[in-house]
Amino acid sequence: MHGPPGHNGPPHPHHHHHHSDAELAALRTGDTLLVTALFPVSSSRHLAAHDQTRLTALLSSVASDIVLYTPDFLAPLVSTLRPASLLLHVNTSFAALTALPPFERIGADVLQDATSRAAVELAKPYFVSAAAHQFRAKGYKYVLWVDPDAFATGHAYHKWPDADRLEETLAKTKAGDAVEGLLMSVHYAPSTHFMVWKPMDGPLSGMMAETSLFGGSRTSVEWYARAFYAYLDYWKERGELSRTGRDVHNALLFLYSNRFATVWPADYNAPGARLSASALESALGYCGDQQFYAQFFLASESEKRHMNFAWQDEWHLMFWRSRRPCRDTRAQDATSMLTSMFSDWKPPLGFLQIPQTTWV
């Protein structure tokens, strides 16, 4: 066990600890930077037990470097959740989500209809692009957003994501270019109103984009933030406010489907899919919480095996009959996926000029 920062090894790198570029480039674990944020929902100044448990599952064992945005008062606590041997950059630049540059510029009233969860959804593209920009000297190939509560206690992911798996997934975009590609998995098949949606209609409400995990190269996440806030601003001017935050992510996935690589666990046409024997099993076997399937998909073969052992034990606590282990589906470009969901679908045309100015 490790004591508080400063004991048993180096202190945690806080944002006020400056390294030279050469040092920063040396302090890097792997090719992927993970970005997350934790802003307590209420005005309470402590962390709910559930939030702390889930955050611990991420920070204590996933070895990729992590940037965590959080208010000042949580910095000491979150730093103790990360072993001293793993890198964590705690960024306390923002006391609240309303202080983020895009909301300051577009106007914080863009958040007025949004629940606190939706406000986080609207902030994610900023966080992931700001972190990509801040640490560009370190030469990460990919920058991924992960929700602070996305990892379950007892998960088997350590050297995660697997670099090869992530690269080949991102190369599945229509252009076939991992550098331009963005990964966004899809949790639900969208309902039929998606088929006739046009950007003039405002954000695209409904369940589709699974935003607990998304990202790509630095250039692609910076593009995503620029596009995201351009549309948010445009809709706000027209009086179309985002209610869930995800509705803006849905819209971008639809408008720019050629840029996205996607993973859809409920795709029954995928080679690994089988009709499931029970409501708790998906087309791909028993994979824990379906929402987070992309975690499994991006893991190495050996960590997938370990995760399946853990799920096997979990399953046996509930049922006597055997479960089917979780399997891989395929990654595909979002245009192909949407065309297979809606047979005669054509991507709506994005008509906004995406500004070149970055958000950072």
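Residues numbered from 1 in each chain as written. Predicted model: local features only at pLDDT ≥ 70, side-chain atom pairs only at ≥ 80, totals over all residues. Heavy atoms only, no water.

### A closer look at the overall build of the protein chain
In terms of regular secondary structure, the protein chain is built from twelve helices and eight strands. Within the protein chain, the fraction of its 360 residues that count as buried is 54%. Taking the intrachain contacts of the protein chain between residues at least 6 apart in sequence as the baseline, contacts between residues at least 24 apart amount to 78%. Carbon and sulfur atoms form 55% of the exposed surface of the protein chain, whose accessible area is close to 15,600 Å². (Helix = DSSP H or I, 4+ residues; strand = E, 2+ residues; numbered from the N terminus. Buried < 20%, exposed > 50% of the residue type's maximum accessible area, 1.4 Å probe, protein only. Contact = heavy atoms within 4.5 Å. Areas by Shrake-Rupley, 256 points an atom, 1.4 Å probe, with all protein chains shown as cover.)

### A few points about the side chain of glutamine 295
Residue placement: glutamine 295 occurs in helix H10 (residues 293–297). Setting aside anything within four residues of it in sequence, one finds glutamine 295 in contact with Ala150, Phe151, Tyr157, Trp160 and Leu213.

### As for the nonpolar core
By size, the foremost hydrophobic cluster in this structure holds 65 residues, and its most contacted members are Val35, Tyr69, Phe103, Phe127, Tyr224, Tyr229 and Phe254. In terms of residue count, the dominant contributor to this core is helix H8 (residues 218–237) (twelve residues). If sequence neighbours within four positions are ignored, tyrosine 229 has contacts with Pro102, Phe103, Ile106, Leu122, Ala123, Lys124, Pro125, Tyr126 and Trp359. (Core = buried A, V, L, I, M, F, W, Y, C linked by side-chain atoms within 4.5 Å.)

### Focus: the sheet that holds strand E4 (residues 142–146)
What holds strands together in a sheet is hydrogen bonding between their backbones, with the strands either parallel or antiparallel. Strand order in the open sheet formed by eight strands is E3-E2-E1-E4-E6-E5-E7-E8, with mixed pairing between adjacent strands. The two strands at the open ends of the sheet, each matched to only one other strand, are strand E3 (88–91) and strand E8 (331–333). The average undirected angle you get between the axes of adjacent strands in this sheet is 25 degrees. (Pairing = 2+ DSSP bridges. Axes fitted to C-alpha atoms, helices over the stretch in contact; angles between N-to-C directions.)

### Considerations on the environment of alanine 299
You can see alanine 299 is positioned in the loop between H10 and helix H11 (301–318). Judged by its relative accessible area of 2%, alanine 299 is buried. Each C-alpha atom, one on alanine 299 and one on lysine 159, is 7.9 Å from the other, the two residues being 140 residues apart in sequence. If sequence neighbours within four positions are ignored, alanine 299 has contacts with Tyr157, Trp160, Asp162, Arg165 and Lys304.

### Regarding the state of the cysteines
Put plainly, two cysteines are in a disulfide when a covalent bond ties their sulfur atoms together. Applying the stated criterion to the full structure yields one disulfide. Covalently, cysteine 287 is tied to cysteine 326 through a disulfide, its sulfur atoms 2.1 Å apart. Here the disulfide of cysteine 287 and cysteine 326 is right-handed, its torsion about the S-S bond being about 100 degrees. One end of the pair, cysteine 287, is in the loop between strand E7 (260–263) and H10; the other, cysteine 326, is in the loop between H11 and E8, with 39 residues separating them in the sequence. On the basis of relative accessibility, which here comes to 3%, the residue cysteine 287 falls in the buried class. (Disulfide = S-S within 2.5 Å.)

### Some points on the environment of alanine 119
You can see alanine 119 is positioned in helix H5 (residues 116–134). A relative accessible area of 9% places alanine 119 in the buried class. Residues in contact with alanine 119, not counting those within four places in the same chain, are Leu97, Phe103, Leu111 and Ala114.

### Structural notes on the confidence of the model for the protein chain
Across the protein chain, the average pLDDT comes to 86, with 88% of residues at 70 or higher. Contacts for the low-pLDDT stretch residues 1–18, under 50 throughout, to residues beyond four places or in other chains number 27 contacts. (pLDDT = per-residue confidence, 0-100.)

### Points about the environment of methionine 200
Structurally, methionine 200 can be placed in the loop between helix H7 (193–196) and strand E6 (209–216). Residue classification places methionine 200 among the partly exposed positions, given a relative accessible area of 41%. As for methionine 200 and tryptophan 235, which are separated by 35 residues in sequence, their C-alpha atoms are 8.4 Å apart. Residue contacts for methionine 200: discarding those within four places in its chain leaves Tyr234, Arg238, Glu240 and Phe351.

### As for the packing of H5 against H8
Here H5 crosses H8 at 145 degrees, and the two axes come no closer than 9 Å. The handedness of the crossing between H5 and H8 is left-handed. Judged by residue contacts, Glu121, Leu122, Ala123, Lys124, Pro125, Tyr126, Val128, Ser129, Ala132 and His133 of H5 engage Arg218, Val221, Glu222, Tyr224, Ala225, Phe228, Tyr229 and Leu232 from H8. Residue composition of the contact of H5 with H8, by class: twelve nonpolar, two polar and four charged. (Left-handed = near helix turned anticlockwise from the far one by under 90°. Nonpolar A, V, L, I, M, F, W, Y, C, P; charged D, E, K, R; others polar.)

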